[in-house]
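Residues per chain, in single letters:
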Amino acid sequence: MADTDDLKETHDYHLTVPQQAEPFPLKGCHALDWGMQNRLSKIFSPATGRTVMLAVDHGYFMGPTTGLERIDVTINPLLKFADTLMCTRGVLRALTPATFTKGISLRVSGGPSILKELSDERIAVDIEDALRLNVSAMAVQVFIGGEHETQSVHNMTRLVDQGLRYGLPVLGVTAVGKELTRDAKYMRLATRICAELGATFVKTYYVAKGFETVTASCPVPIVIAGGKKQPEADALTMAYQAIQQGAAGVDMGRNIFQSNAPAAMIQAVGKVVHEGFTPREAYEFYQDLSSGS
Ligand code: R5P
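Right, let's walk through the structure included here. (Residues numbered from 1 in each chain as written. Predicted model: local features only at pLDDT ≥ 70, side-chain atom pairs only at ≥ 80, totals over all residues. Heavy atoms only, no water.)

1. Some words on the site of the ligand
In the vicinity of the ligand lie 16 residues, with Asp57, His58, Lys203, Gly253 and Arg254 positioned nearest. Between the ligand and Arg254, the relevant distance is 2.7 Å, taken from an oxygen atom to a side-chain nitrogen or oxygen of the residue. Coverage of the ligand by the protein chains reaches 96% of its 360 Å² of free accessible surface. Of the residues contributing to the shell around the ligand, the split by class is 6 nonpolar, 5 polar and 5 charged. (Near = heavy atom within 4 Å. Polar contact = N/O pair within 3.5 Å; in protein donor to acceptor, adjacent residues only side chain to side chain. Areas by Shrake-Rupley, 256 points an atom, 1.4 Å probe, with all protein chains shown as cover. Nonpolar A, V, L, I, M, F, W, Y, C, P; charged D, E, K, R; others polar.)

2. Examining the packing of helix 9 (residues 232-244) against helix 12 (residues 279-290)
Where helix 9 meets helix 12, the closest approach of the two axes is 9 Å, and the angle between their N-to-C directions is 140°. In terms of axis orientation, helix 9 runs oblique to helix 12. With respect to the hand of their crossing, helix 9 and helix 12 are arranged in right-handed fashion. In contact with Glu232, Ala233, Leu236, Thr237 and Tyr240 of helix 9, helix 12 contributes Pro279, Ala282, Tyr283 and Tyr286. Of the residues contributing to the contact of helix 9 with helix 12, the split by class is 7 nonpolar, 1 polar and 1 charged. (Axes fitted to C-alpha atoms, helices over the stretch in contact; angles between N-to-C directions. Helix = DSSP H or I, 4+ residues; strand = E, 2+ residues; numbered from the N terminus. Parallel < 35°, antiparallel > 145°, perpendicular 65-115°, else oblique. Left-handed = near helix turned anticlockwise from the far one by under 90°. Contact = heavy atoms within 4.5 Å.)

3. Brief notes about the pairing of strand 2 (residues 84-87)
Residue alternation in strand 2 divides its side chains into two sets, Thr84 and Met86 and Leu85 and Cys87, and both sets are buried. As paired strands, strand 1 (residues 51-55) and strand 2 are joined by 3 bridges and run parallel to one another. Note that in strand 2 the partner of Met53 across the bridge is Thr84. Bridge count between strand 2 and strand 3 (residues 103-107): 4 bridges; the pairing is parallel. The residue bridging Met86 from the neighbouring strand is Ser105, located in strand 3. (Buried < 20%, exposed > 50% of the residue type's maximum accessible area, 1.4 Å probe, protein only. Pairing = 2+ DSSP bridges.)

4. Some points on the packing of aromatic side chains
Counting across every chain of the model gives 5 aromatic pairs. Note on Phe44 and Phe201: the rings are 5.3 Å apart at their centroids and 75° apart in plane angle, and the pair reads as edge-to-face. Taken together, the residues span a long stretch of sequence, with Phe44 in the loop between helix 1 (34-43) and strand 1 and Phe201 in strand 8 (residues 201-204) at a distance of 157 residues. One exposure class covers both Phe44 and Phe201, and it is buried. Measuring from centroid to centroid gives 4.9 Å for Tyr206 and Phe211, while their planes differ by 55°, and the two rings are tilted. A residue is classified by how much of its surface remains accessible, and Phe211, at 0% relative accessible area, is buried. Its guanidinium or amino end placed over the ring of Tyr205, Arg182 lies 4.1 Å from that ring's centre, counting from NZ or CZ. (Phe/Tyr/Trp six-rings, centres within 6.5 Å; stacked < 30°, edge-to-face > 60°. Lys NZ or Arg CZ within 6 Å of the ring centre and 35° of its normal.)

5. Remarks on the nonpolar core
Within soluble globular proteins, side chains that are nonpolar generally end up buried alongside one another. Among the nonpolar cores identified, the biggest contains 71 residues, and Leu54, Ile75, Leu85 and Phe211 are the most heavily contacted of them. Top contributing element to this core by residue count: helix 11 (residues 262-275), with 7 residues. Not counting residues within four places of it along the chain, the set of residues in contact with Leu85 comprises Leu54, Val56, Ile75, Leu79, Thr96, Phe100, Gly103, Ile104 and Ser105. Within the second largest apolar cluster, 16 residues are counted, among which are Phe24, Leu40, Phe201 and Ala248. (Core = buried A, V, L, I, M, F, W, Y, C linked by side-chain atoms within 4.5 Å.)

6. Thoughts on unusual backbone geometry
Positive phi is not limited to glycine here, since His14 has a value of about 45°. Locating His14 in the fold gives a position in the segment before helix 1. With relative accessibility at 48%, the residue His14 sits in the partly exposed group.

7. With respect to the pairing of strand 10 (residues 249-252)
Side chains of strand 10 alternate between two faces, with Gly249 and Asp251 and Val250 and Met252 buried alike. Crossover handedness for the path strand 9 (residues 222-225) to helix 9 to strand 10: right-handed. (Right-handed = clockwise from strand over helix to strand, strands pointing away.)

8. A short note on helix 12
An α-helical turn contains 3.6 residues, so any two residues separated by three or four positions project in the same direction. The end-to-end C-alpha distance of helix 12, which contains 12 residues, comes to 16 Å, matching closely the 16 Å that a straight helix rising 1.5 Å per residue would cover. Residues of helix 12 that are buried include every one of Pro279, Ala282 and Tyr286, and no others. What you see down the axis of helix 12 is that its buried residues fit within an arc of 65°, all on one side. Residues of helix 12 that are buried in the fold lie against helix 9 and helix 11. Positioned one or two residues after helix 12, Gly292 has a phi angle of 80°, which is positive. (Expected span 1.5 Å × (residues − 1). Arc of directions from axis to C-beta.)

The structure is reproduced here in structure tokens:
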């Protein structure tokens with residue numbers, strides 16, 4: 001028999017206190033279902049609304065590029081500094097510790113290698129497997145203006161439909177092919193198309209001129225890719241400018257894992273994204289950490 005001797009008889013229904021419901025803070029995401037918002041909260045820090053995503057999915061079309069030859073050796077030690085890992089299911093199952101409890105953005109499109117036409121991608125992961133892996137988002141490449149533009153958009157919209165069914169966000173990744181111009185006009189077009197067609201958040205490249213118009217005209221959060229390796233000071237400046245101009249974070253790969261000091265670099269990026277460090281402060285922080293002082 002249950003022990004009911006100590007049951008408290010008094011109740012306080014807080015009759016004068018209206019029920020609280022905190023608005024979901026992420027841009028354009030207030031109307032999403034609870035599971036979707038909960039997954040987004042694993043990607044974007046609830047404290048700052050921003051994210052440092054560590055992108056290591058390059059192998060899905062490039063093979064073992066510089067810095068990713070041994071992900072267990074070079075990337076796993078960086079996981080503690082990232083808000084989210086962006087990777088393939090191969091790397092997730094084979095190399096990523098299941099004790100990693102932050103966000104996972106799973107690469108779910110693929111097909112062609114660097115030897116072929118890159119825009120000819122298909123959906124490469126069943127959503128059932130994405131759910132089995134307990135990921136926080138599905139990332140799909142969208143090639144606006146590319147040879148297989150419609151097919152890549154269709155890949156994304158199918159994933160959006162499936163994601164909405166199960167509460168799994170979709171990251172639309174705007175791909176800039178060799179022939180496409182990387183300017184604000186193109187980025188506004190590509191990011192807006194992704195958002196209009198249902199991407200939960202969008203990844204694009206930073207452009208030096210007019211990036212604030214890209215973030216302003218995209219109704220959902222934007223994160224920037226790092227792009228090709230630059231000197232650390234330049235990459236930190238790019239991250240700073242992107243954040244100041246409305247980006248909700250970075251999804252950075254080569255500028256972290258190809259840095260001379262990847263652990264110092266990802267922490268310096270984190271200072272810019274989450275703590276508003278200026279490029280100079282962040283670079284000094286990077287230098288101090290990388291020199292061991
Ligand atoms: C490349 O297609 C992958 O999606 C990467 O995740 C993306 O380009 C970000 O990596 P990086 O900062 O090296 O450009």
